[in-house]
Amino acid sequence: MRRIAVAVIAALACGVDPALALPRGTDDFALGWTRPAVDSAVAARGVDVISSGRGFLTCRSADPNVELESYDFFVGPHGRSHLWRVIVAYPLPYSVEMLASVESRLREILGEPTQESLEDDQIFRPNRFRKLIWVDGRTRVQLGGRMLGADANAGERMLVSWTDRRIQRLIESKRKRERESRR
């Protein structure tokens, strides 16, 4: 209940209709959390950390259907890190039923997707890549996977990504300034 109240207040502060605002995460994380908050949540779940650096953390998941979770942080000029992207990766192989289950769960949480698409570059490939996107002014959630599942040789994992769009814009702006300064 507290998470819903916080989401409503945050949506109102950003001028987003709370009825249309996407959740900022799950029970395991919330976009915008500081690095210590994410570290604490990961430790509380008791999952193994695979790799950790200043701007990222990769760990196992408590969900047996998930292979790993990747947390990306924006390190601001003041030195504080904020969570801006989470990627949940499912193991290969995965079945069409697994993709349908993840999609169904996301639809329960997020409602109907803003956009659905199939990859256009390989129209005649029988197992096309499907992407579902939920987006509002602050958050973007994306599910991607092969429509008929994927075997271990496909090399294309089913991924769910949660992105803080405001922080993503800051990162893109910073990268653009860095590229221009090198010219």
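Just so it is clear, the model here is predicted, and its values are computed rather than measured.

### Here's the deal with helix H2 (residues 35-45)
Side chains of residues three or four places apart in an α-helix project in the same direction, reflecting 3.6 residues per turn. Of all the residues in H2, the buried ones are Arg-35, Val-38, Ala-41 and Val-42. The buried side chains of H2 occupy one side of the element, clustering within an arc of 130° when seen end-on. Residues of H2 that are exposed and angled more than 90 degrees away from the buried face: Pro-36, Ala-43 and Ala-44.

### Overview of the environment of Leu-22
Looking at where Leu-22 falls in the secondary structure, it is placed in the loop between helix H1 (2-13) and H2. Here the alpha-carbon distance between Leu-22 and Arg-138, two residues 116 residues apart in the chain, equals 8.1 Å. The residues touching Leu-22, leaving out its near neighbours within four places in the chain, are Leu-110, Trp-134, Val-135, Asp-136 and Thr-139.

### A few points about a positive patch on the surface
There is a patch of like positive charges on the surface, built from Arg-54, Lys-174, Arg-175, Lys-176, Arg-177, Arg-179, Arg-182 and Arg-183. Along the polypeptide, Arg-182 turns up in helix H4 (residues 165-182).

### Section: the confidence of the model for the protein
For the protein, the average pLDDT comes to 87, and 85% of its residues sit at 70 or higher. Taken element by element, the predicted model of the protein shows its lowest mean pLDDT in H1 (43) and its highest in strand E2 (residues 56-59) (98). A low-confidence stretch, residues 1-16 stays under pLDDT 50, and its non-local contacts, those more than four residues away or across chains, total 14 contacts.

### Focus: the pairing of strand E4 (residues 81-89)
Both strand E3 (residues 68-75) and E4 contribute to a ladder of 8 bridges, which runs antiparallel. Within E4, the residue paired with Ser-70 across the bridge is Ile-87. The loop that links E3 with its antiparallel partner E4 comprises 5 residues; one of these, Gly-79, has a positive phi angle of about 95°. In terms of strand pairing, E4 meets strand E8 (residues 159-164) through 5 bridges, oriented antiparallel. Looking at E8, one finds that Val-86 is bridged to Trp-162.

### A word on H4
The end-to-end C-alpha distance of H4, which contains 18 residues, comes to 26 Å, matching closely the 26 Å that a straight helix rising 1.5 Å per residue would cover. In this structure Asp-164 caps H4, since a side-chain oxygen of it lies 3.0 Å from the backbone nitrogen of Arg-166.

### Quick look at the environment of Asp-48
Along the polypeptide, Asp-48 turns up in the loop between H2 and strand E1 (49-53). Taking the relative accessible area as the measure of exposure, Asp-48 reaches 54% and is therefore exposed. For Asp-48 and Leu-68, which are 20 residues apart along the polypeptide, the C-alpha to C-alpha distance reads 9.7 Å. Discounting chain neighbours no more than four positions away, the residues touching Asp-48 are Cys-59 and Arg-60.

About the thresholds
- The residue numbering used here restarts from 1 in each chain and proceeds along that chain's sequence as written.
- In keeping with the model being predicted, local features are shown solely for residues with a pLDDT of at least 70 and side-chain atom pairs are shown and tallied solely at 80 or more, while totals for entire chains, interfaces and linings include all residues.
- The basis for every side-chain value is the complete set of non-hydrogen atoms in the structure, without hydrogens or water.
- Classification of residues uses two cut-offs on accessible area relative to the type maximum, computed with a 1.4 Å probe and protein chains only: under 20% is buried, over 50% is exposed, and between them is partly exposed.
- Working definition: helices are DSSP H or I runs of at least four residues, strands are E runs of at least two. Numbering for both runs from the N terminus.
- Each C-beta atom gives one direction from the helix axis, and the arc is the one those directions make.
- Contact criterion: two residues are considered in contact whenever any of their non-hydrogen atoms come within 4.5 Å of each other.
- To count toward a patch, a residue needs a relative accessible area above 30% and no salt bridge. Like charges then connect within 9 Å, nonpolar side chains (Val, Leu, Ile, Met, Phe, Trp, Tyr) within 5 Å.
- Accessible surface area values rest on a Shrake-Rupley calculation with a 1.4 Å probe, where residue burial reflects the displayed protein chains alone.
- When a carboxyl oxygen of Asp or Glu lies within 4 Å of a side-chain nitrogen of Lys or Arg, that pair is called a salt bridge.
- The charge count includes Lys and Arg as positive and Asp and Glu as negative, but it does not include His or the ends of the chains.
- To locate a charge, take atom NZ for lysine, CZ for arginine, CG for aspartate or CD for glutamate.
- How sure the predictor is of each residue is captured by pLDDT, a score from 0 to 100.
- Here, a strand pair is defined by DSSP locating no fewer than two bridges between the strands.
- To estimate how far a helix should extend, the number of its residues minus one is multiplied by 1.5 Å.
- Whenever a nitrogen or oxygen atom comes within 3.5 Å of another N or O atom, the pair is scored as a polar contact, on the condition that within protein one atom can donate a hydrogen and the other can accept it, and that pairs from neighbouring residues in sequence are kept only if both atoms are in side chains.

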